[in-house]
Amino acid sequence: MNRIRRISALAAAAALAALPAGAQTIAITGGTVHPVSGGPLENATVLIRDGRIVAVGREVAIPADARRVDARGKVVTPGLIHPASNLGLLEVSSIEATDETDVAGDVTPSFDVSAGINPDNVRIPVARLEGVTSTVVLPGGGFVAGQAAWIGLLGDRREDVIRRAGVALLANLGAAAKGAGGGARARGLARLERLLDDAAEYDRRRADFRRNAIQPLSAPAEELEALLPVLRGERPLYVVANSERDIRNALHLAAERRLRLVLLGAAEGWKVAGELARAGVPVVVNPFQNVPGFDNLGARWDNPALLAEAGVTVVLTESESGGPRNLRWGAGHAVRNGLPWARALEAVTLAPARAFGAGHEAGSLEPGKLADVVVWSGDPFEYATRAELVLIGGREVPAMSRQTELLERYRRLPPQ
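Small disclaimer: the values here were computed from a predicted structure and weren't measured.

**Side note on the packing of helix H5 (residues 185-204) against helix H7 (residues 221-231)**
And then number 1: Put simply, H5 and H7 touch, their axes get as near as 8 Å, and they point 95° apart. Put simply, H5 runs roughly perpendicular to H7. Across from Leu-195, Leu-196, Asp-198, Ala-199, Ala-200, Tyr-202 and Asp-203 in H5, the residues of H7 making contact are Ala-221, Leu-224, Glu-225, Leu-227, Leu-228 and Leu-231.
And then number 2: Across the contact of H5 with H7, the residue classes tally to 10 nonpolar, no polar and three charged.

**Digging into the packing of H5 against helix H8 (residues 244-257)**
And then number 1: Here H5 crosses H8 at 20°, and the two axes come no closer than 12 Å. As far as their axial angle goes, H8 and H5 are roughly parallel. The way H5 lies across H8 gives a crossing that is right-handed. Only Arg-245, Asp-246, Asn-249, Leu-253, Glu-256 and Arg-257 of H8 make contact with H5, whose side of the interface consists of Arg-185, Leu-189, Leu-192, Glu-193, Leu-196 and Asp-197.

**Side note on the side chain of Glu-268**
And then number 1: Here Glu-268 lies in the loop between strand E11 (261-265) and helix H9 (273-279).
And then number 2: A relative accessible area of 6% places Glu-268 in the buried class.
And then number 3: Among the polar contacts made by the side chain of Glu-268, one reaches the main-chain amide nitrogen of Leu-297 at a distance of 3.1 Å.
And then number 4: Apart from the residues lying within four places of it in its own chain, the contact partners of Glu-268 are Asn-242, Ser-243, Glu-244, Ile-247, Asn-296, Leu-297, Gly-298 and Ala-299.

**Description of the confidence of the model for the chain**
And then number 1: Per-chain confidence: the chain averages 91 in pLDDT, with 94% of residues scoring 70 or above.
And then number 2: Every residue in residues 1-22 is under pLDDT 50, and counting partners more than four places away or in other chains gives 28 contacts.

Calculation rules
- Residues numbered from 1 in each chain as written.
- Predicted model: local features only at pLDDT ≥ 70, side-chain atom pairs only at ≥ 80, totals over all residues.
- Heavy atoms only, no water.
- Axes fitted to C-alpha atoms, helices over the stretch in contact; angles between N-to-C directions.
- Helix = DSSP H or I, 4+ residues; strand = E, 2+ residues; numbered from the N terminus.
- Parallel < 35°, antiparallel > 145°, perpendicular 65-115°, else oblique.
- Contact = heavy atoms within 4.5 Å.
- Nonpolar A, V, L, I, M, F, W, Y, C, P; charged D, E, K, R; others polar.
- Left-handed = near helix turned anticlockwise from the far one by under 90°.
- Buried < 20%, exposed > 50% of the residue type's maximum accessible area, 1.4 Å probe, protein only.
- Polar contact = N/O pair within 3.5 Å; in protein donor to acceptor, adjacent residues only side chain to side chain.
- pLDDT = per-residue confidence, 0-100.

The structure is reproduced here in structure tokens:
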């Protein structure tokens, strides 16, 4: 198996080295283009140069030196954005040496996952061959886990894949809050409130803090410092909350302190959809979640549809064993349960980009944005559809992964 792994890595590296540079001009012509920022365009062209989109429409002048991609009869969309993964941080869940998702302690807001990302993670090619071109990578700790990073899924070095570190601070008002509060959610919520208050106090009285002329605070200076971008509205607080009770607590906390809030989970979000819509809070939901538990007794398959109908910004995630590779099928499942098709596409492209402050860079096919583009053989939410061409930052992704290489190796077994 080690030999297979080495062969796979060498083949992938060779394929990447052979790819044209991002400066190449590419014209994807004749397809049904879904810009997401507007309605679908039949027989349209997407023109890409220097890794960015320069034009989208039916009447686009194509330079003579452009590489043409014939997309007639196919569907063209932005690359999919997964809003909650551990890609690049976790290789084998049972082997601790391959896990960079968390650190010791339940209050670690200074923990930045970006330094631990491995661009050679074998799970990354599997996801991008299903049209996922970027993801928000999360820490895996408990109560206040740390800072998420937005990464693109193509590059040889860590600095090549990290698009933005510190895009959100992850906290948990579910079971983790109960544990952090000594057995009661109310104490966990109070602990988070004190952390935020102490961060503000630390910021106001830095000189007193250095002279030890201030009452003891609830976390070390480096942890309080990491909370300040949240208090200033520079970074959203990404809160895990599934029950109606926990969602209301998160809404109250954000309103009281004027925080930017993004919810993760929200299995019972449909119960408070009107409040979420009025607060303008994006909600990241798993469309496959319908099995009730003590934190989500009201889980139901049409949760995304009910939230969208109420005017909530819905973002779709996929947390089953398949992970990000199954994101498009999760979107199809949401459509099957009432979410309009166009809203489902937005929920895996532009909505997550906007939720994490990247709406000006990605999520739709518009001039000036990163050329994260997928050409599909058909409806991207159908099981039989294939991603025939995936571009990340204008570079073509090799149509290979460890899974495809193993398939080819064992497709024809030697005679016994």
